[in-house]
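Below, each chain spelled out in residue letters.
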Amino acid sequence: MRTSGACEICGTALPGPSGSGGRPARYCSGACRQRAFRKRAAPTGRDHSHPDHPRPDHSHPDHSHPDRSHPRHSRPDSGTPVRPLLGHEPVRALDSFIGRRRELSRLRALLKTSRLLTLTGPGGVGKTRLALEFAHSLRRTTRLVELDSVASGAELPQAVAAALGVGEHGGRSGADAIAHALADHRVVLVLDNCEHLAEHCARFAAELLGRCPRLRIVATSREVLRVPGEVVFRVGELPVSPALPSRSEGPSGQERTPDALRLFLERAAERSPGFAPTAAGAAAIAEICRRLDGMPLAIELAARRIGALSPDEILTGLDDQLSLLTDGSRTGPGRHRELSAAIDWSHRLLDPQEQTLFRRLAVLAGGFDAEAAAALCAEEGDGTARVLRTLCALEAKSLVVRMPGGEPGAAGPTPAQDGTPPAPAQDGGRARFRQLSPIRAYALAKLAESGELHDTWRRAVAWLSALVEPAAHETFPDQTRGPQTRERENLAAAIAYAAAHGRPPHPPLALALARVHFQTDQPSATRALLEGNPARDTPYEAMGLALAARAACQQADPTAALRLAERAVAAERRRGEPAGLANALDARAAARLREGAFPAAIADFTECVAIVSALGRPADEAWCSHHLAWALLHEGRAAEAGALMDACLPVLTAQHAWCRKAAALHTAGTVRLELDDPATAGELFTRALRVVPRMSFHALYPLEGLAIVAAEEGAMKRSLRLFAAAAVARARLDSSPDPVWRRRMEEAAATAEAALLPAARSGAKASGRRLSWQQALAYALGDDAPAAGGLRENPLTAAGGQIEALTGRESTIAELVAEGLTNREIGTRLGVSASTVATHLDRVRDKLGLRSRTQIALWVARARHHPAPGHETRAQPWRTAPDREPLWGEVS
């Protein structure tokens, strides 16, 4: 039987088109067609937000805690904003992927029947690359978590949570928070390099799989995890002997080039375009691949020498080195000796300067740029430009790789917090590199042999300290993005090295890493790091206490927050540093707002404003004034708050990033509501909504503000729709608004509900709950484009007055019910199941306030006889293609 491809859902081969013509089949069965529709309609779980920015608690975007100026993102395709899955999204590698077709096919089959799939094999065999290519081939949301820089099992939940962008909310932390965030996602989680944490990864994977029924885990490890239900897939070397074509490839009778040779030729051609070996050269390449046992990493390292050496010269050099290494390591597996030989031989071909840089870079597990590399070679007097040339030389020899994403350890780029497209692997225009795990292990061994290990770490700590030092002179360092975020893994490695040698971590590094934890919504890790390393009798003590207080606010622990903030204020008063005192007062005011002690919070903010004003920092003064205005609003002093916002809003909207602009605009809008000026409030909320990236959590606040404005202006159905859409988002995020804001919303919602009939009230809420996030935002902004669709009147519903509009499919089903068809007959006609028809009918009943099929039929008859002006009844609306579900509210 001829085939026309595979099912888009399960991959089953499809028969070719019949003689009667028609479109080629896309799915193998009605079940797969329904899965395809649900996949299009449901959240995809993809998030492209950036983990670099401070993450607020959810009581308010900024005000209930002064640090809440930073964005929270949602998935761009989701129906509502959900707990974002940030971080290491797998991306395509920069070079081609050779072979492994059978392995990919087998992995896809295994993942259908197993929830934990472990790829095992020796270092350099290609486990990570195969896992990433496998992830790309899946029609699921995938997330990558790289574990090679995680030093201990205690750090595993923090690393996974940070990679996924999972914060601690609702009293959850660690694996509990991760399981809660993943519970609603159909996700494949790739855990890369588990071997050094095998026991911890096993327990962690078992717990997640037990609590997240839609989760699949793909792990790469040099040893199995030994978890019940684990399926182990052993990744072998690339074949080095020719393979005969399979039957499916036709009877050509020709042998295919072995994948190992294809890999060598591909990489050699990248190094030396136009490379075409002679017959003797081809034989030498085949022997190189055989001696290297088909190990991909070793083959790539050897192939990179083409252009400088001939295949025969590469083979000769490898032979000599193999003999040397075999004598030195008789007990190791042969393939490990071959890989070590390839790396060692590549290392020996480096000049002294390249060797020095190569081994010293091993301490920077999270990646590095030319400036960082130059800091490790200070005594040689190498400038950044010269070091960059050396880095490029190491890259050309595959001893370092250019990072495909802008973050250390990231497998790929992610958009910035303002929703801009992902940038190349650069930071401020500087390329960023890293060493692959096997090469880094070799480099560390060489660094230890050279006797430079401790001195190199000393230099790395000095460079990191200088990098994060400017934050100590800012007024609000905890609320500002800094270079510490991109150096997260390097900071953690430096702290782990100090701990392994019985020394406390360098206080600036501990504080910088704690800020990263705080800004990525990991308050437990923040407090643990700060309270375990208090940095007593140093200038960093008070800053650490203030940060710990903010972390306690994130955990909804105002008692601990106030206690820590009191100590921070006392320490800063003793130290006599005005900027530090302003920061501590800001943290204490946040704790007091949490406790409801509004007069005390106002006093702290007032003192903070006075201090910052004396420092001559107008932007910080405006930010403090904004906090003070929000506190005054809590106390019912709206007129004073309005005067403050009138003064500080122009400064904030002109000088600060969108997150602060949005928070200030929201505060100004709330003040206008309290001053009975809904028109101006609506303008401010609309400005805020246009400033905030569409995927940001902060869009909730102006969205709710516009719902309140709608109720104030008499647009009750619009108000309830917006409230319902926002409520769904808050529920998915475990978020609760500030008490003052919540009361204001409840009052507006009660007013809107009282003004509508029960059917219209329930219909408005139902339509709001079904709005996608993008539709809700477009509708709030008054956008009449189809993206806001679903709220345009349908010809069948226009006669219903306040009755909520039906979708195209719901209208079709209502018409067919009026014709007397049963659910099964309707399903047959539309190409869907009877249960799907029943679900649509439930929604029709909810929207129309009807309870029987007879009532639906009567309603359809009235709509047909009394259409709304400008509308005509659709003819045969069921002629929609059965595998294409109309969008909610779409009019065919």
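Residues numbered from 1 in each chain as written. Predicted model: local features only at pLDDT ≥ 70, side-chain atom pairs only at ≥ 80, totals over all residues. Heavy atoms only, no water.

1. What about the overall build of the protein?
Where we set the bar: Helix and strand definitions follow DSSP, with helices as H or I runs of at least four residues and strands as E runs of at least two, each counted in order from the N terminus. A simple rule labels every residue: compare its accessible area, found with a 1.4 Å probe on the protein chains alone, to the largest value its type can have, and call it buried under 20%, exposed over 50%, or partly exposed in between. Contacts are assigned to residue pairs that have any heavy atoms within 4.5 Å of one another. Each accessible area is a Shrake-Rupley estimate made with a 1.4 Å probe; only the visible protein chains count as cover when residues are assessed.
What the protein contains, in helices and strands, is 36 helices and 11 strands. Within the protein, the proportion of its 892 residues that are buried is 55%. The long-range fraction of contacts in the protein, counting pairs at least 24 apart against all pairs at least 6 apart in sequence, stands at 72%. Surface exposure of the protein reaches about 35200 Å², of which carbon and sulfur atoms provide 52%.

2. Digging into the nonpolar core
Worth spelling out the cut-off: Nonpolar cores were defined as sets of buried Ala, Val, Leu, Ile, Met, Phe, Trp, Tyr and Cys residues, with membership established by side-chain atoms within 4.5 Å.
Of all hydrophobic cores here, the largest spans 99 residues; its most connected members are Leu361 and Leu391. When residues in this core are grouped by element, the largest group, 9 residues, is from helix H24 (residues 618-634). Contacts of Leu361, omitting those with residues within four sequence positions, involve Phe368, Ala373, Leu376, Leu391, Leu394, Val400 and Gln435. In terms of nonpolar packing, the next biggest core, distinct from the first, is built from 40 residues, Leu119, Val218, Ile285 and Ala298 among them.

3. Here we look at the sheet that holds strand S6 (residues 216-221)
To keep things clear, this is the line we draw: Any two strands with at least two DSSP bridges between them are considered paired. Note on geometry: axes are C-alpha line fits, over the in-contact stretch for helices, and angles between N-to-C directions span 0 to 180 degrees.
Pairing is parallel in the open sheet, where 5 strands are placed in the order S4-S5-S6-S3-S7. Every interior strand has two partners, whereas the edge strands, strand S4 (141-146) and strand S7 (230-234), have only one. Pairwise comparison of adjacent strand axes, ignoring direction, gives a mean angle of 20° for this sheet. With 4 bridges connecting them, strand S5 (residues 187-192) and S6 associate as parallel partners. Following the sheet pairing, Leu191 is matched in S6 by Ala219.

4. Notes on the packing of aromatic side chains
By convention here, two paired aromatic rings are described through the distance between centres and the angle between planes. We apply this condition: Geometry of aromatic contacts follows a simple scheme: Phe, Tyr and Trp rings, the Trp one being its six-membered ring, pair when their centres are within 6.5 Å, and the pair is stacked under 30 degrees between planes, edge-to-face over 60, tilted otherwise.
Tallied over the entire structure, the rule returns 3 aromatic pairs. Measuring from ring centre to ring centre gives 6.3 Å for Phe358 and Tyr442, while their planes differ by 45°; the resulting arrangement is tilted. Taken as a pair, Phe358 in helix H12 (residues 352-360) and Tyr442 in helix H15 (residues 437-450) lie far apart in primary sequence, 84 residues in all. Neither Phe358 nor Tyr442 differs from the other in exposure class; each is buried. Where Phe685 meets Trp741, the ring centres are 6.3 Å apart and the plane angle is 65°; that geometry is what we call edge-to-face. Of the two residues, Phe685 sits in helix H27 (residues 678-691) while Trp741 sits in helix H30 (residues 739-754), which places them 56 residues apart along the sequence. Neither residue differs from the other here; Phe685 and Trp741 are each classed as buried.

5. Considering the environment of Leu116
Topologically, Leu116 is positioned in strand S3 (residues 116-120). Taking the C-alpha atoms as reference points, Leu116 and Gly229, separated by 113 residues in sequence, lie 6.8 Å from one another. Discounting residues that sit within four places of it in the chain, Leu116 has contacts with Leu209, Ile217, Val227, Gly229, Glu230 and Val231.

6. Section: the pairing of S6
Our working rule: The handedness rule is simple: strands pointing away from the viewer, and a clockwise path from the first strand over the helix to the second, make the crossover right-handed.
Burial of S6 is extensive: 6 of the 6 residues sit out of reach of the surface. Of the two faces of S6, both are covered, the one formed by Arg216, Val218 and Thr220 as well as the one formed by Ile217, Ala219 and Ser221. For the segment spanning S5, helix H6 (residues 198-211) and S6, crossover handedness is right-handed.

7. Considerations on the packing of helix H28 (residues 700-712) against helix H29 (residues 716-732)
Put simply, the rule is: Just so you know how the angles are binned, under 35 degrees is roughly parallel, over 145 roughly antiparallel, 65 to 115 roughly perpendicular, and the rest oblique. Crossings are sorted by hand: turned counterclockwise from the far helix by less than a right angle, the near helix makes the crossing left-handed, and turned clockwise it makes it right-handed. Residues are grouped as follows: Ala, Val, Leu, Ile, Met, Phe, Trp, Tyr, Cys and Pro are nonpolar; Asp, Glu, Lys and Arg are charged; all remaining types, including Gly, are polar.
Packing of H28 against H29 brings their axes to within 8 Å, and their N-to-C directions diverge by 155°. The orientation of H28 with respect to H29, classified from their angle, is roughly antiparallel. The crossing of H28 and H29 is left-handed. For the pair H28 and H29, the contacting residues are Leu700, Tyr701, Leu703, Glu704, Leu706, Ala707, Ile708, Ala710 and Ala711 in the first and Met716, Arg718, Ser719, Leu722, Phe723, Ala726, Ala729 and Arg730 in the second. Tallied by class, residues from the contact of H28 with H29 come to 13 nonpolar, 1 polar and 3 charged.

8. Some words on the side chain of Asp604
Selection criterion: Two N or O atoms count as a polar contact when they lie within 3.5 Å, although within protein this holds only if one can serve as hydrogen donor and the other as acceptor, and sequence-adjacent residues are included solely when both atoms are side-chain atoms.
Within the secondary structure layout, Asp604 lies in helix H23 (residues 598-615). Residue classification places Asp604 among the buried positions, given a relative accessible area of 2%. In terms of polar contacts, Asp604 uses its side chain to reach the side chain of Arg592, at 2.8 Å. For Asp604, the contacting residues outside a window of four places in its chain are Leu585, Arg588, Ala589 and Arg592.

9. Section: the pattern of salt bridges
The criterion, for reference: Salt bridges are identified by distance alone: a Lys or Arg side-chain nitrogen within 4 Å of an Asp or Glu carboxyl oxygen.
The full count for this structure, using the stated rule, is 40 salt bridges. One salt bridge connects Glu300 with Arg267, and the closest N-O pair in it is separated by 3.4 Å. Taken as a pair, Glu300 in helix H9 (residues 296-303) and Arg267 in helix H7 (residues 259-271) lie far apart in primary sequence, 33 residues in all. The class of Glu300 is buried, set by a relative accessible area of 17%. Note that Arg575 is salt-bridged to Glu572, the shortest N-O span being 3.1 Å.

10. Description of the environment of Val461
Within the secondary structure, Val461 sits in helix H16 (residues 453-468). Residue Val461 is classed as partly exposed on the basis of its relative accessible area, which comes to 23%. Considered as a pair, Val461 and Ala494 are 33 residues apart in the sequence and their alpha carbons are 6.7 Å apart. Each residue touching Val461, except ones within four places of it in the same chain, is listed here: Ala494, His506 and Leu509.

11. Points about the environment of Ala654
Within the element layout of this structure, Ala654 appears in helix H25 (residues 638-655). Taking relative accessible area as the criterion, Ala654 reaches 63% and is therefore assigned exposed. Between the alpha carbons of Ala654 and Ala619 there is a distance of 9.6 Å; along the sequence they are 35 residues apart.

12. Some thoughts on helix H2 (residues 101-113)
Threshold: Taken from the helix axis, the directions to the C-beta atoms give the arc we talk about.
Among all positions of H2, only Leu104, Leu107, Leu110 and Leu111 are buried. Across the axial projection of H2, the buried residues extend over an arc of 125°, all falling on one side. For H2, exposure combined with an orientation more than 90 degrees from the buried face picks out Arg101, Arg102, Lys112 and Thr113. On its buried side, H2 packs onto S3, helix H3 (127-137), S5, S6 and S7.

13. A short note on the confidence of the model for the protein
Basically, it comes down to this: Per-residue confidence from the predictor is reported as pLDDT, which spans 0 to 100.
The pLDDT averaged across the protein works out to 77; a share of 78% of its residues lies at or above 70. The low-confidence segment residues 244-254, where pLDDT is below 50, has 10 contacts with residues more than four positions distant or belonging to other chains. Low confidence marks residues 321-337, where pLDDT is under 50. Its contacts with residues over four positions away, or in another chain, come to 22 contacts.

14. Considering the packing of helix H31 (residues 758-770) against helix H35 (residues 834-848)
Look at H31 against H35: their axes get within 7 Å of each other, and the N-to-C directions meet at 130°. Considered as vectors, H31 and H35 are oriented oblique to each other. Contacts between H31 and H35 involve Ala759, Ser762, Gly763 and Arg770 on the former and, on the latter, Arg843, Asp846, Lys847 and Leu848. Among the residues making up the contact of H31 with H35, the classes are represented as 2 nonpolar, 2 polar and 4 charged.

15. Structural notes on the side chain of Arg129
Tracing the chain through its elements places Arg129 in helix H3. When neighbours within four sequence positions are excluded, Arg129 is seen to be in contact with Ala93, Asp95, Ser96, Phe97 and Arg267.

16. As for helix H34 (residues 823-830)
In an α-helix, one turn spans 3.6 residues, which is why side chains three or four residues apart end up on the same side. Of the residues making up H34, those classed as buried are Ile826, Gly827 and Leu830. End-on view of H34: buried residues confined to an arc of 100°, all on one side of the axis. Away from the buried face of H34 by more than 90 degrees, exposed residues Arg824 and Thr828 are located. Immediately beyond the C-terminal end of H34, within one or two residues, lies Gly831, with a positive phi of roughly 75°.

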